[in-house]
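Coordinates in review
Spelled out from the first residue to the last, the chains are:
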Protein chains: 2
Amino acid sequence: MERRRQARGERRMAEILDAAADAFAELGYEKASTNAIAARAGISPGSLYQFFPGKEAVARALADRFVADMASAHAAAFGEADVAAMDLGELLDRVVDPLVAFNLANPGFKALFARPDMPSALAESSQPIQAAMLGQVEAILGARVPGLAPADRARSARVLVRIFQAMTPLVTAAPDEERPAEIAELKKVLGGYLTSLGG
Amino acid sequence: MERRRQARGERRMAEILDAAADAFAELGYEKASTNAIAARAGISPGSLYQFFPGKEAVARALADRFVADMASAHAAAFGEADVAAMDLGELLDRVVDPLVAFNLANPGFKALFARPDMPSALAESSQPIQAAMLGQVEAILGARVPGLAPADRARSARVLVRIFQAMTPLVTAAPDEERPAEIAELKKVLGGYLTSLGG
DNA sequence: GATTTTTGCGAGCAATCGCTCGCGTTTGAA
DNA sequence: TTCAAACGCGAGCGATTGCTCGCAAAAATC
C-alpha cells in the first residue's frame with residue numbers, strides 16, 4: 001500500500017518525527033496525543049494521518065530513525081577496533097560514552113527505550129531499538145566471553161541492555177556536575193557484571 | 001478531615017486496594033481506570049470515591065500497604081543477623097530472595113515500583129516504597145562499606161535499587177524453569193557492583 | 001490546459017477518562 | 001425508637017483521547 005510521496009511530504013514526515021520526539025520527551029509516550037504531536041509540528045490532526053496511520057506508526061518510524069542514527073554512531077565509535085582484545089575499561093568507554101551522548105542529544109529516545117514495563121503497543125514500536133541493542137551486545141559478548149552458551153549469552157545480553165535502560169534516566173536526569181559520577185557508577189555496574197561472567 | 005469509618009467501610013477499603021493491585025498488575029497504572037478498579041471490587045464508581053478522593057490516593061494507600069507488608073517480610077528475613085560480617089553471597093540471598101518472593105506474590109507491586117520514568121503523579125504515589133527501599137539499602141551499605149562518603153552512599157543506594165527495579169520484571173516474567181537462572185543473574189549484577197564498591 | 005494524486009485543513013465523532021451528585025438504604029449511637 | 005452519619009448506587013458531567021471525513025489548494029502527470 002505504498003503511496004507516492006512528494007519532496008514536501010518527506011519533509012513533513014521528518015518534521016512530524018521531530019515533533020513526536022519532542023512530545024514523547026516532554027509528556028511521555030501515553031500522554032503524547034496525536035493532536036499534541038500535530039500541533040507541535042504545526043499541522044492539523046488530519047494532516048498527520050496523511051503520513052502515518054496512527055500514533056503507533058509514528059512511534060515505530062521514530063524508533064527506526066533512532067536505530068539508524070545509533071548504528072552510525074556505533075560504527076563511528078568502534079571503527080575496526082578489536083573488541084575481544086580490548087581492555088575492559090576502554091570497551092566500556094567506547095560503548096557507554098557514545099550511548100550516553102546519544103541519549104542526551106535525543107531526549108525523546110528514552111521514552112521509547114527506558115521502560116521495563118512497556119504497554120504492548122509501545123513494546124512493538126520500540127522492538128527495533130531493542131533488537132538492535134541486543135544484537136550489538138550479543139556480538140560483543142560473543143567476542144569477549146567465547147565460552148558462553150548461546151542461551152546464556154542471550155540472557156546476559158538482555159541483562160546488560162536492561163541495566164543500561166534502567167540507569168540511563170539516572171544519568172540524563174542528573175545535573176551536569178554530577179553526571180560524570182553517575183556515568184562512572186553505570187560503568188561499575190556493567191563492568192562488575194562482565195567481570196563475573198569472565199569477560 | 002478524618003471521617004468516621006464503620007467496620008464495613010474498612011473492609012471495603014481493603015477490597016478496593018486488592019482490586020487496584022489486580023488492575024495495576026493487569027492493565028498498568030495509567031490504563032487502570034477508577035471505573036475499572038471499582039468494577040473489579042464489585043462496587044460502583046461513586047462508592048469508590050466515598051473512601052478515596054481519587055486514583056492517586058488509591059495508589060498511595062496501596063503503596064503504604066505494600067511497604068508495611070515488605071517491612072515485616074524484611075524483618076523476618078534478617079532477624080538479628082550481622083549484616084557487616086555476613087558473606088556476600090548470603091547477604092544477597094537474604095535480601096533478594098524474599099523480595100523476589102514478594103514480587104511474585106504481589107503482581108501489582110511492580111506497577112508502582114518498577115518504572116524508571118514515572119509520571120509525576122505516580123512518582124509521588126510510589127515515593128513511600130522508594131524511600132523505604134532506599135533506607136534499607138543505605139543501612140546495609142553503611143554497615144558493609146563504612147568508608148563510603150554519605151553522598152556516594154546515597155548514590156550507590158539509588159543505583160542498587162534501580163538495578164533491582166529494572167531486573168524484577170525480567171525475573172517475574174520468566175517461565176518457572178528459567179527463573180532461578182534470572183535470579184542468579186540479578187545476584188551477579190548486584191554482587192559485582194558491591195564488590196567494585198569494596199563491600 | 002486537463003486530470004489525477006498528494007497535501008492540507010479543522011470541525012467533530014465515538015469512546016474513554018476521572019469524577020460528581022442526587023437519592024435511597026444500612027448502621028450504630030443516643 | 002429515633003435520626004444523623006456512613007454506605008451504596010449509577011446515570012451522566014466535562015474534558016480528552018485517537019481518529020475520520022468532506023472538501024479545497026497545490027503539485028505532478030498527461
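Provided above is the structure to which this section pertains.
Summarised in this report is the structure supplied together with it. (Residues numbered from 1 in each chain as written. Chains lettered and ligands numbered in written order. Predicted model: local features only at pLDDT ≥ 70, side-chain atom pairs only at ≥ 80, totals over all residues. Heavy atoms only, no water.)

1. Notes on the protein's contact with DNA strand D
Taken together, 25 residues sit near DNA strand D, with Arg4, Ser33 and Tyr49 of chain A together with Arg5 and Ser47 of chain B positioned nearest. Restricting the count to atoms of DNA strand D within 4 Å of the protein gives a sugar and phosphate share of 70%. One of the side-chain N or O atoms of Gln50 of chain B is found 3.2 Å from a base nitrogen in DNA strand D. At the level of secondary structure, the elements contributing two or more residues to the surface near DNA strand D comprise α2 (34-41) and α3 (45-51) of chain A together with α1 (7-27) and α3 (45-51) of chain B. (Near = heavy atom within 4 Å. Polar contact = N/O pair within 3.5 Å; in protein donor to acceptor, adjacent residues only side chain to side chain. Helix = DSSP H or I, 4+ residues; strand = E, 2+ residues; numbered from the N terminus.)

2. Notes on helix α4 (residues 55-78) of chain A
Residue and element names in this part refer to chain A. Taking 1.5 Å as the rise per residue, α4 with 24 residues should run 34 Å; its terminal C-alpha atoms sit 34 Å apart, in good agreement. Listing the buried residues of α4 in full gives Ala57, Val58, Ala59, Leu62, Ala63, Phe66, Val67, Met70, Ala77 and Phe78. The positive-phi residue at the C-terminal boundary of α4 is Gly79, with phi of around 55 degrees. (Expected span 1.5 Å × (residues − 1). Buried < 20%, exposed > 50% of the residue type's maximum accessible area, 1.4 Å probe, protein only.)

3. Notes on the protein's contact with DNA strand C
Taken together, 25 residues lie around DNA strand C, and Arg5, Arg12, Ser47 and Gln50 of chain A together with Ser33 of chain B are the ones closest in. Backbone atoms, meaning sugar and phosphate, form 67% of the atoms of DNA strand C found within 4 Å of the protein. Interatomic distance of 3.2 Å between a backbone N/O atom of Ser44 of chain A and a phosphate oxygen of DNA strand C. Here Asn35 of chain B contributes a side-chain N or O atom positioned 3.0 Å from a base nitrogen of DNA strand C. Take the surface near DNA strand C: its biggest share by element is four residues, from α3 of chain A. Counted by class, the surface near DNA strand C contains five nonpolar, 12 polar and eight charged residues. (Nonpolar A, V, L, I, M, F, W, Y, C, P; charged D, E, K, R; others polar.)

4. Observations regarding the packing of helix α8 (residues 127-144) of chain A against helix α9 (residues 150-173) of chain A
For any two helices packed against each other, the geometry comes down to the angle between their axes and how far apart the axes lie. All names here are of chain A. It is at 9 Å that the axes of α8 and α9 come closest, and there the two elements cross at 120 degrees. In terms of their interaxial angle, α8 and α9 are classed as oblique. In the packing of α8 onto α9, the handedness of the crossing is right-handed. Packed against α8, whose contacting residues are Gln130, Met133, Leu134, Val137, Glu138, Leu141 and Gly142, the element α9 presents Arg153, Ala154, Ser156, Ala157, Arg158, Leu160, Val161 and Gln165 at the interface. (Axes fitted to C-alpha atoms, helices over the stretch in contact; angles between N-to-C directions. Parallel < 35°, antiparallel > 145°, perpendicular 65-115°, else oblique. Left-handed = near helix turned anticlockwise from the far one by under 90°. Contact = heavy atoms within 4.5 Å.)

5. Details of the pattern of salt bridges
If charged atoms from side chains of opposite charge come close, those side chains can pair. Summed over the entire model, instances satisfying the criterion amount to 28 salt bridges over all chains. Notably, a salt bridge pairs Glu56 of chain B with Arg60 of chain B, separated by 3.5 Å at the nearest N-O pair. Linking Glu56 of chain B with Arg60 of chain B, this pair stays in helix α4 (residues 55-78), spanning four residues, or about one helical turn. Given a relative accessible area of 28%, Glu56 of chain B falls into the partly exposed group. Each of Asp152, Arg155 and Arg158 of chain A together with Glu178 and Glu182 of chain B takes part in one network of salt bridges that share partners. (Salt bridge = Lys/Arg side-chain N within 4 Å of Asp/Glu carboxyl O.)

6. Section: the interface of chain B and chain A
Facing 25 residues of chain B, the contacting portion of chain A comprises 25 residues. Buried surface at the junction of chain B and chain A, summed over both partners, amounts to about 2400 Å²; 65% is from carbon and sulfur atoms. Where chain B touches chain A, the interface holds six salt bridges. The residue Glu182 of chain B makes a salt bridge to Arg155 of chain A at a minimum N-O spacing of 3.9 Å. The tally of links from chain B across to chain A stands at six residue pairs in polar contact (both at pLDDT 80 or more). For the side of chain B that touches chain A, the elements supplying multiple residues, two or more each, are α9 (150-173) and α10 (179-197) of chain B. No other element matches the 10 residues that α9 of chain B contributes to the side of chain B that touches chain A. The residue inventory of the side of chain B that touches chain A, partitioned by class, reads 12 nonpolar, three polar and 10 charged. (Buried area = accessible area lost by both parts, 1.4 Å probe.)

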